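Residue strings, one per chain:
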There are 2 protein chains.
Amino acid sequence: MAAAKTSFSSHGFRGATIRAIAADAGVDPALVMHYFGTKADLYAAAIELPISPSMVESLLLAGPRMEIGERLARLFFSVWEQPAAREPFVAMLRGAVSGHDIATSAFADFITSALMETMAAHLEVPTAQVQAGVANMVGVALMRYVVGIEPIASADTEELIAMLAPRIQSYLVP
Amino acid sequence: MAAAKTSFSSHGFRGATIRAIAADAGVDPALVMHYFGTKADLYAAAIELPISPSMVESLLLAGPRMEIGERLARLFFSVWEQPAAREPFVAMLRGAVSGHDIATSAFADFITSALMETMAAHLEVPTAQVQAGVANMVGVALMRYVVGIEPIASADTEELIAMLAPRIQSYLVP
């Protein structure tokens, strides 16, 4: 884990490799993959994200495609509704907005390559379209949890999910 | 203008009044309104926003209701595509994300009461739904202009407008 943290902070998400991290730790790459899964999952563990990319991917792609918008919105709010779970995301938003640094661009690369590109490929839509859908939830999170703009800050979660789900759906499965 | 800046920074957007600002400046409230329009327009001028609420409102409500999503998306990108014009918005995002202060909550109040509540009332939809639509554009702006996540950061503006317009439309005119 220490080797992973060092490697991601010096080389970013795309630049780091499981091979190099394993070499730094003096272990076999297969052992790293056995304990941590993919590079994306290892990164998520290193920055203490409360969910792993594999979890997100299997949750999203498991059920019916017609309900993917609702599943994504529900997953999103289930994380953001817990103060401890949303903390790393708020920290990343802060880092992102306050200026570019290696941690921010590593996180952006991770989100893009581990989540958005994978979803776009599965769903056969342009990556920018997946990003626009995710942007809708990120914008709501910013208003609701970070700035605290009313009435969206006090709205019922189910009401928000009902509102967002069909729009997310239309981005992901047009 | 000096009296307005002082008043908005001590009392926030909702707390400040044109009457008190005029009194501080030693002029008649009618004179303030003659030069600056509404309280919202005066606030926009005080924080040097590149657009005024009256401009936004008339632009949005002038054309056909079926194209309001496209008009809003087009107006949004016309501001954000100009580095000088987006600067106050980026500064506000920074302030909002880095912690609550009076400037941030004044801005949040202003956006809510001057823009979103007005639009919601005109369109007869819940304010939270207008906010969710605006959140979609804010999220895209965050990814595109602030974090620089690809491919949305390099996408063509017309392509983004075409993607966002129908979703914004479905929030505003369901």
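Residues numbered from 1 in each chain as written. Chains lettered and ligands numbered in written order. Predicted model: local features only at pLDDT ≥ 70, side-chain atom pairs only at ≥ 80, totals over all residues. Heavy atoms only, no water.

Regarding the overall build of chain A
What counts here: Only runs of H or I of at least four residues qualify as helices and only runs of E of at least two qualify as strands under DSSP, and these elements are numbered from the N terminus. Restricting the calculation to C-alpha atoms gives the radius of gyration, and the globule rule supplies 2.2 Å times the number of residues raised to the power 0.38. The classification of residues rests on relative accessible area computed with a 1.4 Å probe and restricted to protein chains. Under 20% of the type maximum is buried, over 50% is exposed, and intermediate values are partly exposed. By definition, residues are in contact when any of their heavy atoms lie within 4.5 Å.
When helices and strands are tallied, chain A shows 10 helices and 0 strands. Sequence-ordered secondary structure for chain A, helices as α and strands as β, is α-α-α-α-α-α-α-α-α-α. Taking 174 residues into account, the globule formula puts the C-alpha radius of gyration at 16 Å, and chain A, at 17 Å, falls close to it. Considering only C-alpha atoms, chain A reaches an extent of 50 × 35 × 25 Å along its principal axes. Relative to its 174 residues, chain A shows a buried fraction of 52%. Within chain A, contacts between residues separated by at least 24 positions form 61% of all contacts whose residues are at least 6 apart in sequence.

Some words on the interface of chain B and chain A
Keep this limit in mind: Throughout, the accessible surface (probe 1.4 Å) given up by two parts as they are put together, summed over both, is called the buried area. Two N or O atoms count as a polar contact when they lie within 3.5 Å, although within protein this holds only if one can serve as hydrogen donor and the other as acceptor, and sequence-adjacent residues are included solely when both atoms are side-chain atoms. When residue character is reported, Ala, Val, Leu, Ile, Met, Phe, Trp, Tyr, Cys and Pro are called nonpolar, Asp, Glu, Lys and Arg charged, and the others, Gly included, polar.
Across the boundary between the two partners, chain B contributes 36 residues, which contact 36 residues of chain A. Carbon and sulfur atoms make up 70% of the area that chain B and chain A hide from each other, which totals about 3,100 Å². Our enumeration of links across chain B and chain A arrives at 8 residue pairs in polar contact (both at pLDDT 80 or more). Put simply, the parts of the chain that give the side of chain B that touches chain A at least two residues each are helix H7 (83–98), helix H8 (102–123), helix H9 (127–147) and helix H10 (157–172) of chain B. It is H9 of chain B that contributes the most residues to the side of chain B that touches chain A, 15 residues altogether. Looking at the side of chain B that touches chain A, its residues break down into 22 nonpolar, 11 polar and 3 charged.

Side note on the relation of the copies chain B and chain A
Using the following cut-off: Copies overlap after least-squares fitting; the atoms used are the C-alpha atoms of residues with pLDDT of at least 70 in both.
Laying chain B over chain A is done by rotating through 180° and shifting 0.0 Å along the axis; what remains is an RMSD of 0.0 Å. Both copies are brought into coincidence by an operation consistent with a two-fold rotation axis. When the interface residues of chain B are mapped onto chain A, 100% of them again lie at the interface, so the same face is used by both copies.

As for the pattern of salt bridges
Residues and elements named next belong to chain A. We count it as follows: Only one rule defines a salt bridge in this text: a Lys or Arg side-chain nitrogen within 4 Å of an Asp or Glu carboxyl oxygen.
Counting across every chain of the model gives 10 salt bridges over all chains. A salt bridge links Asp109 to Arg14; its shortest N-O distance comes to 3.6 Å. With a gap of 95 residues between them, Asp109 in helix H8 (residues 102–123) and Arg14 in helix H1 (residues 2–15) connect regions that are remote in the sequence. Under the relative-accessibility criterion, Asp109 is labelled partly exposed at 25%. One salt bridge in this structure joins Arg14 and Glu117, with 3.7 Å as the shortest N-O distance. In this pair, Arg14 is assigned in helix H1 and Glu117 in helix H8, connecting sequence segments 103 residues apart.

Some words on helix H10 (residues 157–172) of chain A
Residues and elements named next belong to chain A. Spelled out, the test is: Expected span of a helix: the number of residues minus one, times 1.5 Å. Bend angle per residue: angle between axes fitted to the 7 residues ending at that residue and the 7 residues starting there.
The end-to-end C-alpha distance of H10, which contains 16 residues, comes to 21 Å, matching closely the 22 Å that a straight helix rising 1.5 Å per residue would cover. The sharpest bend along H10 reaches about 30° and sits at Leu164, with the proline Pro166 one to four residues further on. Within the sequence span of H10, burial applies to Leu160, Ile161, Met163, Leu164, Ala165, Arg167, Ile168, Gln169, Tyr171 and Leu172.

Some remarks on the nonpolar core
For clarity, the threshold we go by: Throughout, nonpolar core names a set of buried Ala, Val, Leu, Ile, Met, Phe, Trp, Tyr and Cys residues whose side chains join them through atoms within 4.5 Å.
Counting residues in hydrophobic clusters, the biggest one holds 138 residues, and the most contacted among them are Phe8 and Phe110 of chain A together with Phe8 and Phe110 of chain B. Once residues lying within four places of it in the same chain are set aside, the contact partners of Phe110 of chain B are Phe13, Ala40, Tyr43, Ala44, Leu49, Pro53 and Leu115 of chain B.

Structural notes on the packing of helix H2 (residues 18–25) of chain A against helix H3 (residues 29–36) of chain A
Residues and elements named next belong to chain A. Formally: For helices, the fitted line uses only the C-alpha atoms of the stretch in contact; every axis is such a line through C-alpha atoms, and the angle between N-to-C directions lies from 0 to 180 degrees. Here the word oblique covers every angle except those under 35 degrees (roughly parallel), over 145 (roughly antiparallel) and from 65 to 115 (roughly perpendicular).
It is the contact of H2 with H3, at a shortest axis distance of 8 Å, that shows an interaxial angle of 105°. One finds that H2 runs roughly perpendicular with respect to H3. Residues Ile18, Arg19 and Ala22 of H2 touch H3, and the partners they reach there are Pro29, Val32 and Met33. Of the residues assigned to the contact of H2 with H3, the class counts are 5 nonpolar, no polar and 1 charged.

Thoughts on the packing of aromatic side chains
Residue and element names in this part refer to chain B. Just so we agree on the cut-off: Think of it this way: a Phe, Tyr or Trp ring, Trp meaning its six-membered ring, pairs with another when their centres are within 6.5 Å, and the plane angle makes it stacked under 30 degrees, edge-to-face over 60, tilted otherwise.
One pass over the structure, following the stated rule, counts 18 aromatic pairs over all chains. Each ring, one from Phe8 and one from Tyr43, has its centre 5.0 Å from the other, and the planes form 85°; the classification is edge-to-face. With Phe8 in helix H1 (residues 2–15) and Tyr43 in helix H4 (residues 39–46), this pair connects stretches of sequence that are 35 residues apart. Its relative accessible area of 5% is what places Phe8 among the buried residues. Residues Phe107 and Phe110 carry aromatic rings whose centres are separated by 6.1 Å and whose planes lie at 40° to one another, so their mutual orientation is tilted.

Observations regarding the side chain of Ser113 of chain B
Residue position: Ser113 of chain B is located in helix H8. Those residues in contact with Ser113 of chain B that lie beyond four places of it in its chain are Phe13, Arg14 and Thr118 of chain B.

Topic: helix H5 (residues 53–62) of chain B
Using the following cut-off: Taking the helix axis as origin, the arc is that swept by the directions to the C-beta atoms.
Residues of H5 of chain B that are buried include every one of Pro53, Val56 and Leu60 of chain B, and no others. Burial along H5 of chain B is one-sided: seen end-on, the buried residues are contained in an arc of 65°.

Details of unusual backbone geometry
In the segment running from Glu150 of chain A into Pro151 of chain A, the intervening peptide bond is cis, with an omega of 0°. Summarising the element assignment, Pro151 of chain A is placed in the loop between helix H9 (127–147) and H10. In this structure, Glu124 of chain A is a non-glycine residue whose phi angle is positive, near 55°. Assignment of secondary structure puts Glu124 of chain A in the loop between H8 and H9. Look at Glu48 of chain B: it is not a glycine, yet its phi comes out positive at around 60°. With respect to the helices and strands, the residue Glu48 of chain B is situated in the loop between H4 and H5.

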